[in-house]
Amino acid sequence: MSQLDPDGPTARRSPLDAIAAGDDVAGRKEAVRRAVRRARSAAPEARRLAADGARAARALALVDELLAPGSVIACYLSTAEEPGTLGLVESLRAGGHRVLAPVLGGLPDGRPRHDVAWAWYEGPEALAPGLWSIPDPTGEALPARALAQADLVLVPALGVGLDGSRVGTGGGWYDRALRHVRPGTPCWALVNDDEVADRMPREPHDRPVDGIITSTRAVATPGP
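To keep things clear, this report deals only with the structure shown in the data block. (Residues numbered from 1 in each chain as written. Predicted model: local features only at pLDDT ≥ 70, side-chain atom pairs only at ≥ 80, totals over all residues. Heavy atoms only, no water.)

### A word on the layout of surface pockets
Here's step 1: What the largest pocket holds in volume is close to 940 Å³.
Here's step 2: Together, 38 residues line the largest pocket, and W132, T169, G170, G171 and W173 are the ones closest to its centre.
Here's step 3: Elements that contribute at least two residues to the lining of the largest pocket include exactly α2 (25-42), β9 (166-167) and α5 (173-177).
Here's step 4: Partitioning the lining of the largest pocket into residue classes produces 16 nonpolar, nine polar and 13 charged.
Here's step 5: Considered as a void within the structure, the second largest pocket measures approximately 250 Å³ in volume.
Here's step 6: Lining the second largest pocket are 16 residues, with A43, R47, A51, N192 and D194 sitting closest to its centre.
Here's step 7: Breaking the lining of the second largest pocket down by element, the ones donating at least two residues are α2 and α3 (45-66). (1 Å grid on protein atoms, 1.4 Å probe; cavity = no way out; pocket = protein on both sides within 12 Å on 5 of 7 lines; lining within 4 Å. Points joined across faces, edges and corners; volume = space filled by probe spheres on them. Helix = DSSP H or I, 4+ residues; strand = E, 2+ residues; numbered from the N terminus. Nonpolar A, V, L, I, M, F, W, Y, C, P; charged D, E, K, R; others polar.)

And the structure:
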């Protein structure tokens with residue numbers, strides 16, 4: 001695949017390698033989360049925006065290579081410090097793809113939403129602040145099984161291993177959501193370069209990813 005890192009999944013020494021190593025899996029995960037959140041908070045806005053643009057370009061190249069026009073891509077909607085996706089999803093929509101986005105905000109009656117839900121992304125004007133200020137699509141909420149429509153899933157992560165291991169925020173939302181993905185549907189994580197290590201601490205319920213996209217490379221992993 002032409003857009004992949006020409007060296008393939010080879011290691012670039014990461015500060016997370018030492019943090020992620022060890023037998024205390026839960027403790028190592030929390031250490032990775034703390035380190036990455038600190039680094040993201042300290043990153044200058046100009047650097048974040050430049051990385052977002054370069055990463056989005058690589059993601060769009062991957063979509064062009066893997067998918068037919070009019071495909072369905074499931075993608076998270078980013079907060080300010082996450083690898084940005086708001087420009088990416090708008091480019092996907094403008095290119096004729098359909099985008100499924102997570103719905104995390106409360107139910108219409110005000111109760112918290114406990115079940116996984118999705119909605120179609122219909123443009124920036126159809127977003128509202130949701131749980132933890134994560135943008136929420138305002139259209140009809142769809143059940144977890146809607147993810148079976150996706151031809152590609154782009155997920156967030158705080159750390160990713162070149163073996164496909166992934167550390168998320170700790171809530172387990174994507175581990176539950178990805179149970180509904182169609183067999184064979186690729187799942188790629190969007191992260192910063194310094195958030196990629198040889199491997200991440202992993203528990204049996206953790207669903208590995210099929211690839212990693214940063215601002216400088218797109219690398220396929222062994223996957224599930």
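### Topic: the sheet that holds strand β11 (residues 196-197)
Here's step 1: A sheet is described by the order of its strands in space; here three strands give the open sequence β9-β8-β11, paired in mixed fashion. Pairing within the sheet leaves two strands with one partner each, and these edge strands are β9 and β11.
Here's step 2: In this sheet, β11 lies alongside strand β8 (residues 159-161) in parallel orientation, the contact comprising two bridges. Residue V160 lies in a different strand from β11, and its bridge partner there is V196. (Pairing = 2+ DSSP bridges.)

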